[in-house]
Amino acid sequence: MSEMSAMNRKVIQTLAETISKHAEHFNKTEVEFLIREFNVLLGEQTVSGRAVPGLDRGTFRSILHNIFGMTDDMIMDGVFRTFDKDNDSFVSMKEWVEGLSVFLRGTLEEQIKYCFHVYDLNGDNYVSREEMFHMLKNSLIRQPTEEDPDEGIKDLVEITLKKMDYDHDGRLSFTDFEKSVREENLLLDID
Amino acid sequence: MGLSLTRAAQWTPASSGTGKLESTPMNESLLKEILSFAEQFGSQHPQEALHVFQEPLQWSTTLMASDFKTDYDISDSDVQSNERDSEGLPLLQLSPPTVSVRSFSQLSKLVHLAEDKKVEEVQACLEENRYPVVKILGSIVASILQGEDTDTDVLSLVDKVKDQGKDSEVKVKLFLFLRNLDNKLLSKCLEEIAGKIRLDPTAVKNEVDSLKQSSIEGEKRVLKSIQYTSDYIFSNGCRAPPWRQVHGEMCYLVIEPCDTETLCVTCSTAGVFLNGGVKQEGEESGYERTSDVHRDLRTLLKSRSPHFAENINTQDFAVQEPPSTQKVQHVEPVDAEERGQPQSSYEQREKNVNENARQSLYKTGGEKKYEPCPRWRNLGLTSPCGEAEEKKRSKSSGEEKSDGIQKRKRGAGAKGKMKAEFSASSLPGRPSSQKIKTSAGSMSLDAFSESSSESEEEEEQPERRQESNTDLPSEYWQIQKLVKYLKGGDQTATVLTLCAMMDFNLMQETCQLAIRDVGGLEVLINLLDTDEVKCKIGSLKILRKISHNVQIRRAIVDMGGLQSIVRILDSPVKDLKALAAETISNVARFRRARRTVRQYGGIKKLVKLLDCVPNLASLSANQEKDVEVARCGALALWSCSKSTKNKEAIRKAVGIPLLGRLLQSPHENMLIPVVGTLQECASEESYRIAIQTEGMIKDLVKNLSSDNDELQMHCASAIFKCAEGKQTRDLVREYKGLQPLASLLSKASNKQLLAAATGAIWKCSISMENVAKFQEYKALETLVGLLTNQPEEVLVNVVGAVGEFARIPANKAIIRKCGGIKSLVNLLTGTNQALLVNVTNAVGACATDMDNMAIIDQLDGVRLVWSLLKNPSAEVQSSAAWALCPCINNAKDAGEMVRSLVGGLELIVNLLKSTNNEVLASICAAIAKIAKDKENLAVLTDHGVVPLLAKQTNTTDDRLRRHLAEAIGHCCMWGSNKASFGDAGAVAPLVRYLKSKDKEVHQSTAMALYQLSKDPNNCITMHEKGVVKPLIHLMGSDEEMLQEAAAGCVRNIRLLAQANRNAVLFN
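- In the annotation of an unreviewed UniProt entry, the entry for chain B reads Armadillo repeat-containing protein 4, and the organism field reads Champsocephalus gunnari.

- Within an unreviewed UniProt entry, the label attached to chain A reads EF-hand domain-containing protein, and the organism entered is Champsocephalus gunnari.

The structure is reproduced here in structure tokens:
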């Protein structure tokens, strides 16, 4: 067993070395710990005993929920999509470390890219009215007296577009997004 | 009906919240009118009655489920109407005790159902729905319609609201119905009020006309002028705006009597009285009654103007009936109603006809005008600009008021404080206006601790809220919508909304007030107490902008928002800290806010923010943020430092060294608040010492050469305050600060900067070495040039500096050559006491030069200085008296000059009754000079100068003693004055003066004693008091004068003793 863990340690160290070259915001030790954490999480997941290439959507979402306190389904899916760069529905070890690197330590630029990707639900490089509506759907508390709660959301979407859509094409391009976030940092992880 | 409800209906005092309608006859009739309108609406206008209200009218009813019949779906106690809107929601819903109704048809039915309780129901409905029109039509439509001119026809109204929804036509019709009702109600109110009439418009008009004719024309006029404030006459003969007519007021007059000030008079049905000054319509404050109510104009004028009362009876009033009949004419209720109202009620009837024929009119695009538009315009729809103006007015009047309080406080006898304020008020801006807060006793104490002299010090004046929500800009509604989302959104929506709100021009008053008025301020402040950093940042970003508005600041403090902001200063997030500090710097512009900051430990926290390293060559991003935080902290401290207690708190929190470190920063935006704080605090002795010992003078001097005017100004002003101390003055010279100060004089266009720079030069020039240095830069020539056409705060300092410069003989000639004497003498006619003190000083200093004196004499300067002895300020009196001394000394034919000033000698003798030692000393010195002329001395003696001088001899003030003894010495030269001094008991105290440690006192006392010793009785007294021993001691002095006087005195005593002995021996 000790042999096993010793070997493991060695493997992890080499892994860490390679990965930390890509994840620029973590040092080697941090990467090592993240890999360990990844393995633990992966271990919890493999109930069936079958080896899997990484964390699946459910596990990843529960991590986001438990550790980072995210609640919005839509956003969590988006985050998963962003982490899962190769679109194989699993977050691999490499993806895990690199994703976290941006998520936790990224520069403004990286985070802008990252967030835009999260919001761009269909991956067409635009955040459309509909996508925005979906994301803001639950953001207003429904008031019984309100005629149509969706009206408020629509209005909110319009307000957002008015603020951020610089080229006035009715949707947010990455340039729009970047420009408005640079102007007002607060807009980063809302929309 | 909104207008008549807000204006005419008599609400119980709590009218802002859910007030109750008082049960007055007028309200009852109003209710009946509204009730019948509601009752008949369903049947008369079936189409419009179906319109679904924008918001339901809700109130707590006394109706039970059992009261409802068919057409209603009754389950248990709840009732729903079968009639539903397009979305299937019932138009009437009752869940006891609340009922909500959403259409007029349901309203009518409900009123029918209520039977005998219907009046109560309507009343409850109105009480709980203060703005029914808004609820019925929706706020946007209501505002559009009410904002429209009444001249506009139905079609264009429909046009206006077309884009607000498909059923706009119905809305317009509904609105017109409601407005019609409103008119009806208002005119009914007027009728009702008119019923109580005593005076009526015709009577007033007659009286005014007769007064105009017989009083103003002709030789023996009794009045200068009499005018109406408004030329517009309403149909009922009144000139007052409708909402004042409701109070029974008919017109306003401005009357200029011959002998008193202008009177602003209100003529109301109840009588004639003075008002607060109605000049133009729309100024609510002016309408207040400020005098008793008089029966008619004539009686009022008689009581106010003696001239009028005297002449009115002698005048031949051909045109006018005798007062008795006039009285009868005035008190004529029935007549008044008939005469005052017929036209308007006719108009009313006509309009009703037109209303009924609306359909046809509507089709033809009728050109019917519904009302004379002034009425609508005047009914509370003040334009934003007009209101702003009014606010300004009310603000300035508030300031006047508090200035009054200030004066009273001064009068209450804080002389020391007054002295301090003299130097303070020479700073830019007016003396601080403070206000005694009555709510808590301890607060008034606090008020005394204020020291600020900043012009931005502001008042807490009551503010008039906008009374109707009409005529509001579109921003208002957009902001209202945003606030709604702010209230109901999760954090994502909140941040989005906050960002959207930031896009408004938050520096604009309309937006600022809109945020407050729609309840946004509460939400923003609530957000500060959440854990969401982003929300807090967003909220603060908005608050820091809108807190530039005075009213918003007050509202923030009132809502307890300042506590939350202070709490945020502890946050680990730097952005938050910086924003919070910046917001505090805006909010803490008034005293109560500053106190709050202190009481919640804000000063300590702000001082903590200052801890950073500002002067590193390269900063990491993190350090840069620290510097930004420190900058905001300094800004906040700057605002806070206007309270004395806060200055103390900053000192206790060890803020001074931190400020000293920040002072080394190379950045202007950091330096300005830091130096601003320092110069504000430099009013305290402890700070002045600290600024000097912490080596800040060097940095202050360095920044004098900055190219930022504001920074230069604060630096100069800090030096101004600190240079009271000699060491500081020397340091300024050592650090080569005098040259930049002198070069600042060229920036004559920036008056604040000029005031600070001249102030610093003034104080620095108290040291002679500095004056010499200044001369290298030709500062005096420039200063003399600044003696004309400058604001007072500059003049005070310039003149102060000139006075200091003039102590060097060479400079006196320079002043003369530059034409400074004339400018100085011209300034003697001013009223600013601080300025007068300095001017007299300077004139006195110049007068020591013979050539200068000739010019002063020629310009009649002595008379001007002399007349300043009448100034109520003791400081002016004394400095004027000091200035007189060299004038009298150096004037050609001084005696004649003094005599030519009628009453001057009496004036100066009377000032010996003053209780101020400095005044007494200066007057004594002047008397000593005057008494050199025998004739004048005779006059002085006649005015009783001897006993008055003798009375002061018991003083212990060495300065006074010296001049008093000098005066006594000189006054001995006339008639029996020597003996009189002895009789008045002046000799014994003088002997005691010889024990004083002051050499000057010895000299003048010895002279006086020598003169007095020429009277034998005085010699006896002196000898008894043991004068010989100290005199013999004085004979050993180096001063020849002193030697001579002492010896002469001893000789006189000795001679007397000799004579006495001889007499004994030889008789």
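Having seen the model, we can carry on.
**Observations regarding the overall build of chain B**
- A tally of helices and strands in chain B yields 62 helices and nine strands.
- Across the 1067 residues in chain B, those meeting the buried criterion constitute 55%.
- For chain B, contacts bridging at least 24 residues in sequence account for 70% of all contacts bridging at least 6.
- Working note: accessible area of chain B is about 46100 Å², and carbon and sulfur atoms make up 50% of it.

**A short note on the overall build of chain A**
- Summing up its helical and strand segments, chain A has nine helices and four strands in all.
- From first element to last, N terminus to C terminus, chain A shows the α and β order α-α-β-α-α-β-α-α-β-α-α-β-α.
- Residues counted as buried form 43% of the 191 residues belonging to chain A.
- Residue pairs at least 24 apart in sequence account for 52% of intrachain contacts in chain A once pairs closer than 6 positions are excluded.
- Summing over all exposed atoms, chain A offers an accessible surface of approximately 10600 Å²; the carbon and sulfur share of this is 53%.

**Considerations on the side chain of K541 of chain B**
- When you line up the elements, K541 of chain B lands in helix 26 (residues 533-546).
- Its relative accessible area of 19% is what places K541 of chain B among the buried residues.
- Contacts of K541 of chain B, omitting those with residues within four sequence positions, involve E184 and L186 of chain A together with M502 and L579 of chain B.

**A word on the sheet that holds strand 1 (residues 52-60) of chain B**
Residues and elements named next belong to chain B.
- Taken together, the five strands give an open sheet; going across it, the order is 1-5-4-3-2, and neighbouring strands pair in antiparallel fashion. This sheet does not close on itself; its edge strands, each paired only once, are strand 1 and strand 2 (72-75). Adjacent strand axes in the sheet meet at a mean angle of 10 degrees when their direction is disregarded.
- Where strand 2 and strand 3 (residues 78-81) come together, four bridges link them in antiparallel fashion. Bridging across to strand 3, D73 finds its partner in Q80.
- In the packing of helix 4 (residues 104-114) onto the sheet, contacts are made with strand 1, strand 2, strand 3, strand 4 (92-95) and strand 5 (98-103), and the angle to strand 5 comes to roughly 135 degrees.

**Concerning the nonpolar core**
- Counting residues in hydrophobic clusters, the biggest one holds 274 residues, and the most contacted among them are W96 of chain A together with I584, W866 and I908 of chain B.
- Per-element accounting of this core gives the leading share, 10 residues, to helix 32 (residues 621-640) of chain B.
- Residue contributions to this core reach at least three from each of two domains, namely domain 3 (477-557) and domain 4 (893-1066) of chain B.
- W96 of chain A has contacts with L34, E37, F38, L41, L55, F60, I63, F83 and V91 of chain A, leaving out every residue within four places of it along the chain.
- Core analysis: the second largest hydrophobic core is formed by 41 residues, A49, F68, L110 and L174 of chain B among them.

**Here we look at the packing of aromatic side chains**
- By the definition in use, this model includes 12 aromatic pairs over all chains.
- Of the aromatic side chains, those joined through ring pairs into one cluster are F60, F80, F83, F103 and Y114 of chain A.
- The lysine or arginine in question, R171 of chain A, covers the ring of Y126 of chain A, its NZ or CZ lying 3.5 Å from the ring centre.
- Across the ring face of Y228 of chain B, the terminal group of R239 of chain B is positioned such that the distance to the ring centre comes to 3.4 Å.

**As for a negative patch on the surface**
- Together, D1038, E1039, E1040 and E1044 of chain B make up a region of like negative charge exposed at the surface.
- On the basis of relative accessible area, E1044 of chain B is assigned to the exposed category, the value being 58%.

**Comments concerning the UniProt feature "domain: EF-hand" (unreviewed entry) in chain A**
- What UniProt calls "domain: EF-hand" (unreviewed entry) maps, in this numbering, to residues 71-106, 107-142 and 152-187 of chain A.
- With 67% helix and 6% strand, residues 71-106 of chain A has end C-alpha atoms that lie 22 Å from one another.

**Concerning the UniProt feature "repeat: ARM" (unreviewed entry) in chain B**
Residue and element names in this part refer to chain B.
- Per the UniProt record, "repeat: ARM" (unreviewed entry) is found at residues 560-602, 903-945, 985-1018 and 1026-1053.
- The distance separating the terminal C-alpha atoms of residues 985-1018 is 9 Å; by composition the span is 71% helix and 0% strand.
- For the annotated span residues 1026-1053, helix accounts for 79% and strand for 0% of the residues, and the straight-line distance between the end C-alpha atoms is 11 Å.

**Focus on the interface of chain A and chain B**
- In this complex, chain A contributes 20 residues to the contact, which on the side of chain B involves 20 residues.
- With both chains or domains summed, chain A and chain B bury close to 1800 Å², and 65% of this area falls on carbon and sulfur atoms.
- At the boundary of chain A with chain B, the tally comes to two salt bridges.
- One salt bridge connects K163 of chain A with D503 of chain B, and the closest N-O pair in it is separated by 2.7 Å.
- Between the two partners, chain A and chain B, sit three residue pairs in polar contact (both at pLDDT 80 or more).
- Split into classes, the residues belonging to the side of chain A that touches chain B amount to nine nonpolar, five polar and six charged.

**A short note on the sheet that holds strand 6 (residues 223-228) of chain B**
Residues and elements named next belong to chain B.
- Within the open sheet, the four strands sit side by side as 6-7-8-9. Their pairing is antiparallel. Lying at the two open borders of the sheet, with one neighbouring strand each, are strand 6 and strand 9 (271-274). Pairwise comparison of adjacent strand axes, ignoring direction, gives a mean angle of 25 degrees for this sheet.
- Running at roughly 30 degrees to strand 9, helix 12 (residues 297-304) makes contact with strand 6, strand 7 (249-257), strand 8 (263-268) and strand 9 of the sheet.

**Thoughts on helix 6 (residues 108-119) of chain A**
All names here are of chain A.
- Under the 1.5 Å per step criterion, the end-to-end length of helix 6 is 16 Å for 12 residues, consistent within 8% with the ideal 16 Å.
- For helix 6, the full list of buried residues reads Q111, I112, Y114, C115, F116, V118 and Y119.
- Residues of helix 6 that are buried make contact with helix 4 (73-83), helix 5 (93-105), strand 3 (126-127), helix 7 (129-136), strand 4 (172-173) and helix 9 (174-183).

**Describing the confidence of the model for chain A**
- Averaged over chain A, the pLDDT score is 77; the fraction of residues at 70 or greater is 84%.
- Within chain A, strand 3 of chain A carries the highest mean pLDDT (86), whereas helix 1 (residues 2-22) of chain A carries the lowest (69).

**Regarding the confidence of the model for chain B**
Residues and elements named next belong to chain B.
- Residues of chain B with pLDDT of at least 70 account for 77%, and the chain-wide mean is 77.
- Every residue in residues 12-18 is under pLDDT 50, and counting partners more than four places away or in other chains gives six contacts.
- Per-residue pLDDT stays below 50 along residues 463-468; that stretch engages in 15 contacts with residues further than four places along the chain or on separate chains.
- Among the prediction metrics, the complex's ipTM stands at 0.83, with pTM recorded as 0.58.

**So, unusual backbone geometry**
Residues and elements named next belong to chain B.
- At V654, a position not held by glycine, the phi torsion is positive, near 55 degrees.
- Locating V654 in the fold gives a position in the loop between helix 33 (644-652) and helix 34 (655-662).
- A positive phi angle, close to 55 degrees, is found at D893, a residue other than glycine.
- Mapping D893 onto the fold places it in the loop between helix 50 (874-890) and helix 51 (894-900).

**Concerning helix 53 (residues 917-930) of chain B**
Residue and element names in this part refer to chain B.
- Relative to the 20 Å expected for 14 residues at 1.5 Å per residue, helix 53 spans 20 Å between its end C-alpha atoms, a close match to the ideal helical length.
- Burial within helix 53 is extensive, with 12 of its 14 residues counted as buried.
- Inspection of helix 53 places V919, L920, A921, S922, I923, C924, A925, A926, I927, A928, K929 and I930 among the buried residues, and these make up the whole buried set.
- Here helix 53 starts with a cap whose side-chain oxygen sits 2.8 Å from the backbone nitrogen of E918, and that cap is N916.

**Details of the state of the cysteines**
All names here are of chain B.
- Applying the stated criterion across every chain, the model contains zero disulfides over all chains.
- No disulfide involves C885; its sulfur sits 8.7 Å from that of C887, the nearest cysteine.
- A relative accessible area of 7% places C885 in the buried class.

**Re the environment of L753 of chain B**
Residues and elements named next belong to chain B.
- Topologically, L753 is positioned in helix 41 (residues 751-764).
- L753 gets classed as buried once you look at its relative accessible area, which sits at 0%.
- Separated by 40 residues in sequence, L753 and M713 have C-alpha atoms that sit 4.6 Å apart.
- In contact with L753, other than residues within four places in its own chain, are D709, Q712, M713, L744 and K747.

Quick notes on the rules
Here the residue numbering is sequential within each chain, running from 1 through the sequence in written order. The naming scheme follows written order: chains are lettered A onward, ligands numbered 1 onward. It should be noted that, the model being predicted, local features are given only for residues of pLDDT at least 70 and side-chain atom pairs only at 80 or more, the latter also being counted only at that level, while totals for whole chains, interfaces and linings use all residues. Each side-chain value is worked out from all heavy atoms of the structure, with water and hydrogens disregarded. Put simply, DSSP marks the helices as runs of H or I at least four residues long and the strands as runs of E at least two long, and each gets a number from the N terminus on. Only protein chains enter the accessibility calculation, which uses a 1.4 Å probe. A residue is then buried if its area is under 20% of the maximum for its type, exposed if over 50%, and partly exposed in between. Throughout, a residue-residue contact means that at least one pair of heavy atoms, one from each residue, lies within 4.5 Å. Here the open area of atoms and residues is found with the Shrake-Rupley method and a 1.4 Å probe, where only the protein chains shown may cover a residue. When DSSP finds at least two bridges between two strands, those strands are taken to pair. Where helices are involved, their axes are fitted lines through C-alpha atoms of the stretch in contact, as for all axes, and angles between N-to-C directions lie from 0 to 180°. Here, nonpolar core means buried Ala, Val, Leu, Ile, Met, Phe, Trp, Tyr and Cys residues that are tied together by side-chain atoms lying within 4.5 Å of each other. How far each domain reaches was decided by an automatic or database domain assignment. Stacked, edge-to-face and tilted are the three classes for Phe, Tyr and Trp ring pairs, Trp counted by its six-membered ring, which pair at centre distances within 6.5 Å; planes under 30 degrees apart are stacked, over 60 edge-to-face, the rest tilted. We call a charge positioned over a ring when the NZ of a Lys or the CZ of an Arg lies within 6 Å of the ring centre and within 35 degrees of the ring normal. Patch definition: residues with relative accessible area over 30% and no salt bridge; like charges joined within 9 Å; nonpolar side chains (Val, Leu, Ile, Met, Phe, Trp, Tyr) joined within 5 Å. For salt bridges, the criterion is a side-chain nitrogen of Lys or Arg within 4 Å of an Asp or Glu carboxyl oxygen. In this tally Asp and Glu are treated as negative and Lys and Arg as positive; neither His nor the chain ends contributes. One atom stands in for each charge, and that atom is NZ of Lys, CZ of Arg, CG of Asp or CD of Glu. UniProt positions are given in the numbering used here, feature names are shortened, and annotations may be inferred rather than shown by experiment. Reported buried area values correspond to the accessible surface (1.4 Å probe) lost by two parts on association, with both partners' losses combined. Here a polar contact means two N or O atoms within 3.5 Å. Within protein one must be a hydrogen donor candidate and the other an acceptor candidate, and residues neighboring in sequence count only if both atoms are side-chain atoms. Under the scheme applied, nonpolar residues are Ala, Val, Leu, Ile, Met, Phe, Trp, Tyr, Cys and Pro; charged residues are Asp, Glu, Lys and Arg; polar residues are all the others, including Gly. Expected span of a helix: the number of residues minus one, times 1.5 Å. Each residue carries a pLDDT score, the predictor's own confidence in it, on a scale running from 0 to 100. Cysteine sulfur pairs qualify as disulfides if the two atoms are within 2.5 Å.

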